[in-house]
Structures are given as structure tokens and as C-alpha cells.
Amino acid sequence: GIQVEQSPPDLILQEGANSTLRCNFSDSVNNLQWFHQNPWGQLINLFYIPSGTKQNGRLSATTVATERYSLLYISSSQTTDSGVYFCAASSGSRLTFGEGTQLTVNP
Amino acid sequence: GAGVSQSPRYKVAKRGQDVALRCDPISGHVSLFWYQQALGQGPEFLTYFQNEAQLDKSGLPSDRFFAERPEGSVSTLKIQRTQQEDSAVYLCASSRGMNTEAFFGQGTRLTVV
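Residues numbered from 1 in each chain as written. Chains lettered and ligands numbered in written order. Predicted model: local features only at pLDDT ≥ 70, side-chain atom pairs only at ≥ 80, totals over all residues. Heavy atoms only, no water.

Participant: Sorry if this is basic, but what is going on with the sheet that holds strand E7 (residues 59–64) of chain A here?
Facilitator: In a beta sheet, neighbouring strands are held together by backbone hydrogen bonds and run either parallel or antiparallel to one another. Residues and elements named next belong to chain A. In spatial order, the strands read E1-E3-E8-E7-E6; together these 5 strands make up an open sheet with antiparallel pairing. Edge strands, defined here as strands with exactly one partner in the open sheet, are strand E1 (4–7) and strand E6 (52–56). Here the strands of the sheet are splayed against their neighbours by 15° on average, with no regard to which way each runs. Where strand E3 (residues 19–25) meets strand E8 (residues 69–74), 6 bridges bridge the pair, whose relative direction is antiparallel. (Pairing = 2+ DSSP bridges. Helix = DSSP H or I, 4+ residues; strand = E, 2+ residues; numbered from the N terminus. Axes fitted to C-alpha atoms, helices over the stretch in contact; angles between N-to-C directions.)

Put into C-alpha cells, the structure is as follows:
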């Protein structure tokens, strides 16, 4: 099945800083999603982005399907952005998750 | 409903007990998925339904795990004779169809003691 790798595994920022999270996948995809898992364990949908670029407020994402990677950009980070960010990709019916990036934003 | 709803939110089971976890998907969503998330790891696929048909159960870790969705809406994940290694968060997701955006419930945290 498809392999999904995320980097970096951990990231510590000061409030106001920008960051880029990366997701590499091993096969062509028909679904790619970014999630934020909050401290209560809920997976919050950030982007559904099998290709192209999308923006939502301070967050944006780009997927380059031909090169098998996706990037999540967080600008002007806030303490509430802390948590684990997951990339998940599918080349069939099931989403395969990466191991996540643990983001800590300090005040 | 407005989102995917799972119950119970927390379950403590004694080793050897059977448990049943419930998932109410978003109304009208055809596809339903179950995932297992161990502490500090990403969710791992267990099984997939399209309407009432279980199309993929390759992720179920043993024959103690059983899932059903008899009327193509609510789904139940049953774990028989629970063991300590079954302790995890069980997540349910639904989507309109294959390869469309999936939405997750809050999860059920199972602790086997």
C-alpha cells in the first residue's frame, strides 16, 4: 500500500513565527488530506487537497501530485495552533496516515 | 447529523470482556471507516464500508474484531475477549463516497485493564 512520511516529527516555534510541514507519499493519490489533532484527540479537517493550492486564513497547502509531496504552511503562528498535524493519503479507498508533526507554539 | 458521532467517549473493560463501539456517520454519507490510534502514533486503518457492504476488512488485527453496518448508516465495532493490547482510541470516519473528503468523529478511548 501507499507509504506516507511526514517531516519534521517535532517543531517548536515562538508565537508569530511561520512554519512549513512536509508530507511525502509513495504513489499517485486520489485523496490527500491535512488534519490537526487537538489535545482532546479530535481530528479537525484542514484541507482536502489531492492537487493544487488552497488557502484558509493563516493556513495554506500545496500538493504537487507529480512529485508526490504536499506542504502545509502556517503563518503568524498562535499558541492555539499547537498539537499534532497529520497528513493522510489514499490511492484506493482507505486513507493512510503519516506519523504526524508535533507542533508546539510558545507564547 | 452535523458531524460524525461516536459513543461511548470512554470505555474501561476488564480483560476478557466484550465491548461494542458505536458510530453515527454524517447523514447521507455512503462510505464509513474505522481506524485504531495507539498513543503517539497516526491512526491505522481497520475496515471500510460502502453502504452496508464491508468492502475491506484487511486492517482488522484478529478475528476478535468484528464490524457491521446492517442498514448502511450506524456502524458498530465489536471486540471480543478484549486484551491489553487492544487499548487505543478507535476513530470512525465517513465520506460522501470513495476518494471524497473524510470527516472523523471524536473517537472512543478504550482502556483494557
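More follows now that the structure is in view.
Participant: What's the story with the state of the cysteines in this structure? I'm lost.
Facilitator: Covalently bonding the sulfur atom of one cysteine to the sulfur atom of another cysteine gives a disulfide. Residue and element names in this part refer to chain A. Overall, the coordinates contain 2 disulfides over all chains when judged by the stated rule. Across the disulfide from Cys-23 sits Cys-87; the S-S distance is 2.0 Å. Since a negative S-S torsion denotes a left-handed disulfide, the Cys-23-Cys-87 link at about -55° is left-handed. Of this pair, Cys-23 sits in strand E3 while Cys-87 sits in strand E9 (residues 83–90), and the two are 64 residues apart along the sequence. Each member of the pair, Cys-23 together with Cys-87, is buried. (Disulfide = S-S within 2.5 Å. Buried < 20%, exposed > 50% of the residue type's maximum accessible area, 1.4 Å probe, protein only.)

Participant: Looking at this model, I keep getting lost on the packing of aromatic side chains. Mind explaining?
Facilitator: Each pair of aromatic rings is reported with the distance of its centres and the angle of its planes. Applying the stated rule across the entire model yields 10 aromatic pairs over all chains. Summarising the aromatic geometry, the rings of A:Phe97 and B:Phe104 are spaced 5.8 Å apart at their centres and angled 80° between planes, so their arrangement reads as edge-to-face. With one member in each of two chains, A:Phe97 in strand E10 (residues 96–97) and B:Phe104 in strand E10 (residues 103–104) form a pair that bridges those chains. Comparing A:Phe97 with B:Phe104 shows no difference in burial state: the two are buried. With a centroid separation of 4.9 Å and an interplanar angle of 20°, the aromatic rings of B:Phe33 and B:Tyr48 are classed as stacked. In this pair, B:Phe33 sits in strand E4 (residues 31–37) while B:Tyr48 sits in strand E5 (residues 44–50), placing the two residues 15 residues apart along the sequence. (Phe/Tyr/Trp six-rings, centres within 6.5 Å; stacked < 30°, edge-to-face > 60°.)

Participant: Teacher, can you tell me more about the pattern of salt bridges here?
Facilitator: Oppositely charged side chains may form a pair once their charged atoms are brought near each other. Inspection of every chain in the model, using the stated rule, returns 5 salt bridges over all chains. Between B:Asp56 and A:Arg94 there is a salt bridge whose closest N-O contact spans 3.2 Å. On the criterion of chain membership, the pair formed by B:Asp56 in strand E6 (residues 53–56) and A:Arg94 in the loop between E9 and E10 is interchain, its members lying in two chains. Note on B:Asp56: relative accessible area 17%, which makes it buried. Exposure remark for A:Arg94: the relative accessible area of 28% places this residue in the partly exposed category. (Salt bridge = Lys/Arg side-chain N within 4 Å of Asp/Glu carboxyl O.)

Participant: Please clarify how the environment of B:Gln36 should be interpreted in this entry.
Facilitator: All names here are of chain B. Here Gln-36 is to be found in strand E4. Residues Gln-36 and Gly-59, spaced 23 residues apart in sequence, show a C-alpha to C-alpha distance of 9.4 Å. Setting aside residues up to four positions removed in sequence, Gln-36 forms contacts with Gly-42, Pro-43, Glu-44, Leu-46, Phe-65, Asp-86, Ala-88, Val-89 and Tyr-90. (Contact = heavy atoms within 4.5 Å.)

Participant: Even after reading the chapter, I still don't get unusual backbone geometry, so can you show me in this structure?
Facilitator: Excluding glycine, residues mostly carry a negative phi; peptide bonds, for their part, are mostly trans. Following A:Ser7, the chain continues into A:Pro8 via a peptide bond in cis, with omega recorded as -10°. Positionally, A:Pro8 belongs in the loop between E1 and strand E2 (10–14). Going from B:Ser7 to B:Pro8, the amide bond is cis rather than trans, its omega being -10°. Relative to the elements of secondary structure, B:Pro8 occurs in the loop between strand E1 (5–7) and strand E2 (10–13).

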